[in-house]
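Read off the chains here:
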Amino acid sequence: MNRDIIADSTLVKNYINGNEIAIEMLIKRHQQKLYSFIYSKVQDRDSTEDIFQDTFIKVIRTLKRGNYNEEGKFLPWVMRIAHNLIIDFFRKNNRMPIFNNNSDDFDIFSIISDGNLNVENKIIKEQILNDVKSLIKELPDEQREVLEMRIYNDMSFNEISENTGVSINTALGRMRYALINLRKIVEKNNIILIN
């Protein structure tokens, strides 16, 4: 039987039922796409190798524990695991892109910024940007106002402070809470902000 014909879901079931070759087939099938995705974010071969391996270690452990659900497709699930490990990598190395050096919150918008986009990725990026805009509407008004001024109007915190009539520290605090709340909304709704 040609290995490319076997569906991912079948290979997952086969692996869960004890067929070790099935996981090798899944890894080989998706390694190029996953490796390229990781490398595009971390820009370092050694780190990419580590994250790639950690991703499949986590995949294997999750499958062996029986915690994989068939609702989503296999590749987007693996990509989400890799995405989370990339965020962990940046946090550990204090390289997480942030708005402000005093904050430890990651910038959702940095994940979706990428210079070399093909047509498919441009469409995906536009959809993600639309999703993010709709998520921002769920934030409390004061937090949404600061975040929109900072992101969409490219205003400094000094300018935000003057426009809103609050101190710079208050503006920074609102931005910080906006990012924390935005992350909670993303996690609660299992939204994948990758392209």
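Attention here is on the structure that accompanies the text. (Residues numbered from 1 in each chain as written. Predicted model: local features only at pLDDT ≥ 70, side-chain atom pairs only at ≥ 80, totals over all residues. Heavy atoms only, no water.)

1. Observations concerning the packing of helix α3 (residues 45–65) against helix α4 (residues 74–92)
Right, on to step 1. Across the interface, α3 lies against α4 with an axial gap of 9 Å and an inter-helix angle of 125 degrees. With respect to each other, α3 and α4 are oriented oblique. The two elements α3 and α4 cross, and the hand of that crossing is right-handed. On α4, the residues touching S47, I51, D54, T55, F56, K58, V59, T62 and L63 of α3 are F74, W77, V78, I81, A82, L85, I86 and F89.
Right, on to step 2. Residues that form the contact of α3 with α4 fall into these classes: 12 nonpolar, 3 polar and 2 charged. (Axes fitted to C-alpha atoms, helices over the stretch in contact; angles between N-to-C directions. Helix = DSSP H or I, 4+ residues; strand = E, 2+ residues; numbered from the N terminus. Parallel < 35°, antiparallel > 145°, perpendicular 65-115°, else oblique. Left-handed = near helix turned anticlockwise from the far one by under 90°. Contact = heavy atoms within 4.5 Å. Nonpolar A, V, L, I, M, F, W, Y, C, P; charged D, E, K, R; others polar.)

2. A word on the packing of aromatic side chains
Right, on to step 1. The final tally for this structure, using the stated rule, is 6 aromatic pairs.
Right, on to step 2. Ring pairing ties together the aromatic residues Y35, F52 and F56, which thus form one cluster.
Right, on to step 3. Of note, R45 hangs over the ring of Y39, and the distance from its end group to the ring centre comes to 4.4 Å. (Phe/Tyr/Trp six-rings, centres within 6.5 Å; stacked < 30°, edge-to-face > 60°. Lys NZ or Arg CZ within 6 Å of the ring centre and 35° of its normal.)

3. Quick look at the pattern of salt bridges
When their charged atoms lie close together, side chains carrying opposite charge are able to pair.
Right, on to step 1. The full count for this structure, using the stated rule, is 6 salt bridges.
Right, on to step 2. With its nearest N and O atoms 3.6 Å apart, the salt bridge here joins R91 to D88. With R91 and D88 both in helix α4, this residue pair falls 3 residues apart, about one helical turn.
Right, on to step 3. Take R91: its relative accessible area is 36%, and that puts it in the partly exposed class.
Right, on to step 4. Residue D141 pairs with R144 through a salt bridge whose shortest N-O separation is 2.9 Å. You can see D141 and its partner R144 sitting in helix α7 (residues 141–151), 3 residues apart, about one turn around the helix.
Right, on to step 5. D141 sits in the exposed class, given a relative accessible area of 55%. (Salt bridge = Lys/Arg side-chain N within 4 Å of Asp/Glu carboxyl O. Buried < 20%, exposed > 50% of the residue type's maximum accessible area, 1.4 Å probe, protein only.)

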